[in-house]
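If you want the building blocks of each chain, they are given just below.
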Amino acid sequence: MTDSKYFTTTKKGEIFELKAELNSDKKEKKKEAVKKVIASMTVGKDVSALFPDVVNCMQTDNLELKKLVYLYLMNYAKSQPDMAIMAVNTFVKDCEDPNPLIRALAVRTMGCIRVDKITEYLCEPLRKCLKDEDPYVRKTAAVCVAKLHDINAQLVEDQGFLDTLKDLISDSNPMVVANAVAALSEIAESHPSSNLLDLNPQSINKLLTALNECTEWGQIFILDCLANYTPKDDREAQSICERVTPRLSHANSAVVLSAVKVLMKFMEMLSKDLDYYGTLLKKLAPPLVTLLSAEPELQYVALRNINLIVQKRPEILKHEMKVFFVKYNDPIYVKLEKLDIMIRLASQANIAQVLAELKEYATEVDVDFVRKAVRAIGRCAIKVEQSAERCVSTLLDLIQTKVNYVVQEAIVVIKDIFRKYPNKYESVIATLCENLDSLDEPEARAAMIWIVGEYAERIDNADELLESFLEGFHDESTQVQLQLLTAIVKLFLKKPTETQELVQQVLSLATQDSDNPDLRDRGYIYWRLLSTDPVAAKEVVLAEKPLISEETDLIEPTLLDELICYIGTLASVYHKPPSAFVEGGRGVVHKSLPPRTASSESTESPETAPAGAPSGDQPDVIPTQGDLLGDLLNLDLGPPVSGPPLATSSVQMGAVDLLGGGLDSLMGDEPEGIGGPNFVAPSAATVPANLGASMGSGLSDLFDLTSGVGTLSGSYVAPKAVWLPAMKAKGLEISGTFTRQVGSISMDLQLTNKALQVMTDFAIQFNRNSFGLAPAAPLQIHAPLSPNQTVEISLPLNTVGSVMKMEPLNNLQVAVKNNIDVFYFSTLYPLHILFVEDGKMDRQMFLATWKDIPNENEAQFQIRDCPLNAEAVSSRLQSSNIFTVAKRNVEGQDMLYQSLKLTNGIWVLAELRIQPGNPSFTLSLKCRAPEVSQHVYQAYETILKN
Amino acid sequence: MIGGLFIYNHKGEVLISRVYRDDIGRRQAADSAIFSSSGLPLEERLRNAVDAFRVNVIHARQQVRSPVTNIARTSFFHVKRSNIWLAAVTKQNVNAAMVFEFLYKMCDVMAAYFGKISEENIKNNFVLIYELLDEILDFGYPQNSETGALKTFITQQGIKSQHQTKEEQSQITSQVTGQIGWRREGIKYRRNELFLDVLESVNLLMSPQGQVLSAHVSGRVVMKSYLSGMPECKFGMNDKIVIEKQGKGTADETSKSGKQSIAIDDCTFHQCVRLSKFDSERSISFIPPDGEFELMRYRTTKDIILPFRVIPLVREVGRTKLEVKVVIKSNFKPSLLAQKIEVRIPTPLNTSGVQVICMKGKAKYKASENAIVWKIKRMAGMKESQISAEIELLPTNDKKKWARPPISMNFEVPFAPSGLKVRYLKVFEPKLNYSDHDVIKWVRYIGRSGIYETRC
C-alpha cells in the first residue's frame, strides 16, 4: 500500500465524498479519509470545511489516527477558534490517559493550538504534566510552557509555571533538564530584565552534570545557556572550561561549536600567563579543523565562525594554513570563505605556499572566486612586505592574460600596493596604461585614474589619458567623477603650464553641470584653493597620505566581541548582530565578552552590568542627545583654568569646526548657502593650532593628587562602570568612577580605544550641574591612544563651576572630545564625594538645628540587609565624612546621631536606628534642602553595603 | 528556533510542510502550491516567504551562493538530497550549526525508515514523515532523533500502541528520554557478534612537480554490533598518545609497537562514547547502539601512506594539439591488491578528437564529461602503469586559457593509509553470562580515495 495515491485525487465534489467517508463507521475508511484530508492540506487545498467531521474522529484509541487529527487541528484551529473548543474535552481526557505517550502527545498538541480560548483549558493539564511521573511527559510539558508563553506571557507568569519550570532544572532526567533550559532561555530572551535564568555556581554545576548525560541536542541547549553566564572569577571560569572541553570531541558539529563559544568567551577571563590558557588554545585548533571535514553546509557555518575566531585570536590557527586550501569541487560558498581565511592567516612563514595557491585559483572558472583570488594576491603584498615584489609580478602576469575581470581586479589592488609602498613599483605603470580601454567597472576606472593623477609627473601623456576620460564625464559614476576631478587637479599642480585648460574644464563640469552636491562641493573647494593660494592648494592636495592598514575587511572590535558571543548562531554566519535581522524584541539583547578581571569586587557591584544585560543600563538618566547638544555646544572645550576661551564668533559654526579640528569637517559641514568665489575659508591650520596651544598651557598646571589614589584609605569608591560604550562613541570606551581623597574630589577615568585608528587630542568639559562640579585641570593624556590601548587617568575636580539644578540632582553631563568627534554622556555621581571633612557638628548645635528644621523636611528610609553593628557603621561612615555626633541606647536599640556637610555648605542631620540582630536600619534625615535627602540616603546605602 | 520545515521536489512543489512557529506564514506556505497554478499577480505570490524560497533558491538561475539565505528577514537553511530540497525556516537568531545537523539527521532518519529520499518515497510515506516531525522537533527544538529509539514507538503500521503493556510503555519513554537513549534493554542474540570496519578516505593535492601540497586521511570506524544485554565496550587502537603512556610501564611494548603507532590530529565520537573519560584517560568506552553505527571519526596528517603517485606530463603542440602522458605508480606491499582504479584526465572544452594508448586497463574519451577516463580493475603494489594520449583541438578565438583542472584518481585498497590498527575491542556484560571470549569479532580495513588530485 502506498500513500502517494492520496496526492492524486483532484475530482470535483471531493469534499462531500470526504465528508461521507469521515463519518463512516468503518475505522479503516475513516483513517483513509483523514489521510486524504492531510494530503490535500499539504499540497495547499483548503479543507477547513471538514473541521467538525475531522474533529469527530479524534475520539479514537488508534494512535496513528489520533496523530493525524491532531495535525489537522494544529493547522486549522486558528481559523475556526469556536469549533476548536470542541476538541478541548478530548485533550483534557487524553492528558489523563494511562499511556505516557498519549499524555505527552495531548499536551504537546494543545500547546500548538494557538487559540486564546483554549489556553485557559490548557493550564490545569499542563500543571499536572509538569509534575508527571514519566520523564517523557515532563520533557514535553517543559517545552509546552514556552509555547504557552509565546501565546500568552501574562498567563504563564500568573499561573506560576515559570517557577515550576525552574524546578525542572534540578530534575533527575537529563532530557527534562535540557528542555527546561531551552524553554527558560527562550522565555528569558523576551524579558531581558527578568532574572529568570538565575545562573549561579550551584545551578551551573547541575547543568554541567546534565551535559554529560543528555542527547546531542540537549547538550547544545545547555552549552548555549552556559555561554550566557559570567563566572565570578578566573578560577570558576577555568573549572567550567575544564568540564566543557571534552565536548570538543563530539560527533555533532553544533555541540563542538557551542563548546567553542563557551571556551572563547570564558577565556577572556583567564590570564594569559596561566599554563591552562596555553593548553586551552592548543585544544581548540584540532576540533575547528575537523569541522572542515563535515558536509559542505556545515563547513560553511564553521568557516564563517572560524573567520571570527581567527580575527579574535589569530594564534589558535596560525599553523593550520593548509587545511584552508581550496579543493577543486568545493561548493563556491566554501571556496570563497576559505580564501578569506587564507588571507587572514598569511604570514611571512607561509606566504610562498599561499601565493602559489592563489595563482592557481586565479585561473579557475567562477568569476567571483577568481576576482577574490586576485584581490587576495594584492592583500598579501600589503600584509607581508617581503612578498610584495613577488605579488606584483604575479599580478602583472595575470594582467597579461587580458581576461577582462582579472585585469580590472588587479588594477584595483595595485593601487593599494602603490599606497602602501610608495616609489617602489611604479615601473609597472606603463603596463597598466596599456589596459586603459578595457576597464569598464567604476572601481577599476577610479583606481586607474588615481594612479594616473598620483604619478602624473612620470606619465608623459597623463593629460591625454585624463582628457579621454573627461569626454564622457557625466556618464561616469560618482566614484569615477570624484577621482577624475582630484586627479586633474593633481596634474595641474604638477604641470601647471600645459593643463590649465583641462583643469578649468573639469572644474566647470563639476561645479556647474553636476547636480551631485559632493562633487560640486569638492569642485568649489579646489577652485577656491587654486584661485586664492596655490601654495596652500599644493599642500592640501598633494599632502602626504597616511599609511593604509595591513589588514582589510576587519570587523570592528566591538562588533567582533559581540559576534564571538554568538558563535554557531545565524548572527555569526551573517556577521551581523541579531538586531540586524531579527524582528521585534527578541534577540536584541546586546551581548558582550566578560571583562578580564579576577577581582571579586566587580561582580558584587550593581553598576557593572553582567554580560548579557543591556548595555544602556541607565537609559532614564541619559537625556536625549538633542538636549545635551544645545548646552554643551555653547561651552568651549578648552581647559577652563587657563587661556581665554577661543573666539567662536568668527566662524559661523565655530564650535563644530573647533571640535572637528580640520579641513575634513569643514568640507563636510559647509552649509549649502555659502557659495561664491569670494568665500574665504578659515585657515585650516590655525584652528587646531589654537586648540593645541591652549591645551599646552593647561598642561603646566600640575596636580599631584592624581597619584596615589586608592592607596589611601578614604571614602568608598565604587568600581568603574562603563559610562560611554564604544558603540556610541566611534570606538572610544570610557568607564569611570568618582573618588574623594583628603578633601579633593576626582574623577577616575579609564579610556579604551576600541577603534582601528589612533586617538589623540583629548579634552573634557562638564555641563553646568547642581553642585558646580568642574574639572580643575585639563584632561592630561600625553601620548596618542593606539588601538586596543587603555589609559587610566585621574581628573581632579573642584566645585567652583557654574551651578544649575539638574534632574536628578546628581546628574552630570559630560562632553569628551578627541580627534574623531565629540561625544556626550551623562552619569550620576554618588553624593558622598561632596561630603566635606569638617562636617562634624557640635552636639548642642545639632540639637538646636534638629529642632529648628521643620518636621515636614524629615525623610525616613529603610536600609535593609546590612549586617554591621553600630560601631562598625559609625567608623565606616566616618571614613566617608559622615560624623557621629552622639550615640544613645534606647530600649535595646542603638541610636546614632550624625551630621554631614556638603561642599556648598548644606548641612544634613541624621538619626540612624539600629536594632541588634536586625539587619534593617531606619534612617531619618533632616535638612533645610529636603531634595538632597534621597541622595544622601543612597550614599548611606552605598557606603554601608560595600 | 526552527519555525518551520518544508520539503520541496525539484519543481519547487511543497511535498511536506510543518510549521512550528507563528511567525512563519502557515496558511500562505501551504497555499503556495495553489498560487503558482492560479493566476495571482507575481507580487502577491512573492509576499509569502516560503514561496520566495522557491523563486529565489530552487528556481534561481545562478548556482547556489550560500546554504543560508535571508529573504525578507526570514532565514532559510537548505540541504539537497538527490533532487529533493529540505528547508528549515526561521525568523530568530537560531543556532545555525544545530539546524544543519538536524537536517542531516532528518535525512538519516527518513533513510532508515524508507530508504532513498526521493519524491516517490516521500509521497508514499507522508503520514510517517509528519509523525516523525511531530516527534523529533517540538516547537522547533530538536528532540531525541536516534532511529533505534524512534522505531520502538513510531512504526509504519502505527497500531502498536493498543497492545503495549504498561511496562513496555514506560520502557519506551525511559529510553527516549534516558541516559542511554540509543539502546533498549532486553536485546538477546544467540550468537554475540560484532563487526568493525575501518573506512578511510585519503585526500591528496599534489603539485605537477610531485610536491605534496596537502594530504590528510579522514577515517571512520563503523561498528555493527549484535550483542545481548547492555554490553560495556572498550575500544583500543594504536594511538600514539596511549601507546606512549603505556610504554612508560613496559619498555618492551614500546619497541614493538611504538613505531607503528599513529598520531591522530583530532577525533570525534558517537554520542554513546563517554567523552569525559576520553578527555581524562584517552580511553574509548561505551555501550553501543544495536546494529550499525559510526563509532568514531578521526583525521590524521602525519606519515600517510599515499597508495598511488600520479606523474603527469602535458605538452601543448601548437594551438590545436595537446600531448598528455600520465604514469601511475602503486606504493604499497606487493602482496596487496588495489581495486576499482580510475584515473580521470580532464581535456579542454574544444577537444575534437582523442587517441589513447594504455598499457593496462581500458581508457576512453568521454566527450560529455570532458575527460579521458582510464579504468584498471586490479593492480598490485609496487607496480607502474602508463597512458599516453593525443588530443586534437578545434581552433577557437576564446581569449581565456584552459584552466587545466587537476587529474583525479579513484581507488580502493585493503589497508588503512593512515596506519591505524585496531588493537582490541573488549566486551563486558556483567549481568548476562557471556564473556569477551565468546564474542565473535571481525575487523576489516578499507582505504578509499577521497579527493586525490594531482595538478598538471
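All of these numbers come straight from a predicted model, not from anything done at the bench. (Residues numbered from 1 in each chain as written. Chains lettered and ligands numbered in written order. Predicted model: local features only at pLDDT ≥ 70, side-chain atom pairs only at ≥ 80, totals over all residues. Heavy atoms only, no water.)

Participant: Residue-level account of the UniProt feature "domain: Beta-adaptin appendage C-terminal subdomain" (unreviewed entry) in chain A, with values.
Facilitator: Residues annotated by UniProt as "domain: Beta-adaptin appendage C-terminal subdomain" (unreviewed entry) correspond here to residues 835-945 of chain A. Across residues 835-945 of chain A, the secondary structure splits into 30% helix and 33% strand, with the terminal C-alpha atoms separated by 18 Å. (UniProt positions renumbered as here; feature names shortened; annotations may be inferred. Helix = DSSP H or I, 4+ residues; strand = E, 2+ residues; numbered from the N terminus.)

Participant: A description of the pairing of strand 21 (residues 407-413) of chain B should follow, citing residues and the corresponding values.
Facilitator: All names here are of chain B. The buried count for strand 21 comes to five of seven residues, which makes it a mostly enclosed element. As paired elements, strand 16 (residues 337-346) and strand 21 share four bridges and run antiparallel to each other. Along strand 21, the bridge assignment pairs Q339 with E412. In the sheet, strand 21 pairs with strand 23 (residues 440-454) via four bridges, with the strands oriented antiparallel. Its bridge partner being in strand 23, E412 is matched across the sheet by R448. (Buried < 20%, exposed > 50% of the residue type's maximum accessible area, 1.4 Å probe, protein only. Pairing = 2+ DSSP bridges.)

Participant: Describe in detail the packing of aromatic side chains, supporting the description with residues and values.
Facilitator: Residue and element names in this part refer to chain B. Inspection of the entire model under this criterion finds 33 aromatic pairs over all chains. Taking 6.5 Å as the distance between ring centres and 45° as the angle between the ring planes, the aromatic pair formed by F6 and Y8 counts as tilted. A relative accessible area of 0% places F6 in the buried class. Aromatic side chains F53 and F76 sit 5.1 Å apart centroid to centroid with 20° between the ring planes, which places their arrangement in the stacked category. (Phe/Tyr/Trp six-rings, centres within 6.5 Å; stacked < 30°, edge-to-face > 60°.)

Participant: Please give an account of empty space enclosed by the protein that cites residues and values.
Facilitator: One pass over the structure, following the stated rule, counts 11 cavities of 30 Å³ or more. Taken as a whole, the largest cavity encloses approximately 190 Å³ of empty space. As for the largest cavity, its lining consists of 15 residues, of which Y328(A), E360(A), E364(A), P406(B) and R455(B) are closest to the centre. Classifying every residue of the lining of the largest cavity by side-chain character gives eight nonpolar, one polar and six charged. (1 Å grid on protein atoms, 1.4 Å probe; cavity = no way out; pocket = protein on both sides within 12 Å on 5 of 7 lines; lining within 4 Å. Points joined across faces, edges and corners; volume = space filled by probe spheres on them. Nonpolar A, V, L, I, M, F, W, Y, C, P; charged D, E, K, R; others polar.)

Participant: Tell me about the packing of helix 25 (residues 462-470) of chain A against helix 26 (residues 478-494) of chain A, and please be specific about residues and values.
Facilitator: Residue and element names in this part refer to chain A. Orientation of helix 25 relative to helix 26, taken along the N-to-C sense of each, is 155°, at an axis distance of 11 Å. Relative to helix 26, helix 25 is oriented roughly antiparallel. In the crossing of helix 25 with helix 26, the sense of the turn from one axis to the other is left-handed. Residues A462, D463, L466, F469 and L470 of helix 25 form the contact with helix 26, whose participating residues are L484, A487, I488 and L491. (Axes fitted to C-alpha atoms, helices over the stretch in contact; angles between N-to-C directions. Parallel < 35°, antiparallel > 145°, perpendicular 65-115°, else oblique. Left-handed = near helix turned anticlockwise from the far one by under 90°. Contact = heavy atoms within 4.5 Å.)

Participant: Give me the interface of chain A and chain B: which residues, what numbers.
Facilitator: Contacts between the two partners involve 112 residues from chain A and, on the opposite side, 103 residues from chain B. The interface formed by chain A and chain B holds 11 salt bridges in total. Remark: the boundary between chain A and chain B carries 36 residue pairs in polar contact (both at pLDDT 80 or more). With eight residues, helix 8 (residues 135-151) of chain A is the largest single contributor of residues to the side of chain A that touches chain B. Residues that form the side of chain A that touches chain B fall into these classes: 53 nonpolar, 26 polar and 33 charged. (Salt bridge = Lys/Arg side-chain N within 4 Å of Asp/Glu carboxyl O. Polar contact = N/O pair within 3.5 Å; in protein donor to acceptor, adjacent residues only side chain to side chain.)

Participant: Can you break down a positive patch on the surface residue by residue, with the values?
Facilitator: All names here are of chain B. A cluster of basic residues, K362, K364, K375, K377 and R378, forms a positive patch at the surface. Within the residue set of the positive patch, elements represented by two or more residues are strand 18 (362-366) and strand 19 (371-380). Counting residues per element, the positive patch draws most heavily on strand 19, at three residues. Positionally, K362 belongs in strand 18. (Patch = residues over 30% accessible without salt bridge, like charges linked within 9 Å, V, L, I, M, F, W, Y side chains within 5 Å. Areas by Shrake-Rupley, 256 points an atom, 1.4 Å probe, with all protein chains shown as cover. Lys, Arg positive; Asp, Glu negative; His and termini not counted. Charge placed at Lys NZ, Arg CZ, Asp CG, Glu CD.)

Participant: Give me the lowdown on the domain arrangement of chain A, citing residues and values where you can.
Facilitator: Assigned domains of chain A: these are domain 1 (3-229), domain 2 (346-438), domain 3 (441-532), domain 4 (721-829) and domain 5 (834-945). The C-alpha centroid of domain 4 of chain A is placed 46 Å from the C-alpha centroid of domain 2 of chain A. (Domains from an automatic or database assignment.)

Participant: Any details on the confidence of the model for chain A? Residues and values, ideally.
Facilitator: The pLDDT averaged across chain A works out to 80; a share of 85% of its residues lies at or above 70. Counting contacts from residues 598-713 of chain A, a segment whose pLDDT is below 50, to residues more than four positions away or on other chains yields 125 contacts. (pLDDT = per-residue confidence, 0-100.)

Participant: So what's going on with the packing of helix 27 (residues 496-511) of chain A against helix 28 (residues 517-532) of chain A? Which residues, and what values?
Facilitator: Residue and element names in this part refer to chain A. Axis separation between helix 27 and helix 28 bottoms out at 8 Å; the angle between their running directions is 140°. Relative to helix 28, the element helix 27 is oriented oblique. For the element pair helix 27 and helix 28, the recorded crossing hand is left-handed. In this structure, helix 27 uses V503, L507, S508, A510 and T511 to contact helix 28, whose residues at the interface are L519, R520, G523, Y524, Y526, W527 and L530. Taken together, the residues of the contact of helix 27 with helix 28 break down into eight nonpolar, three polar and one charged.

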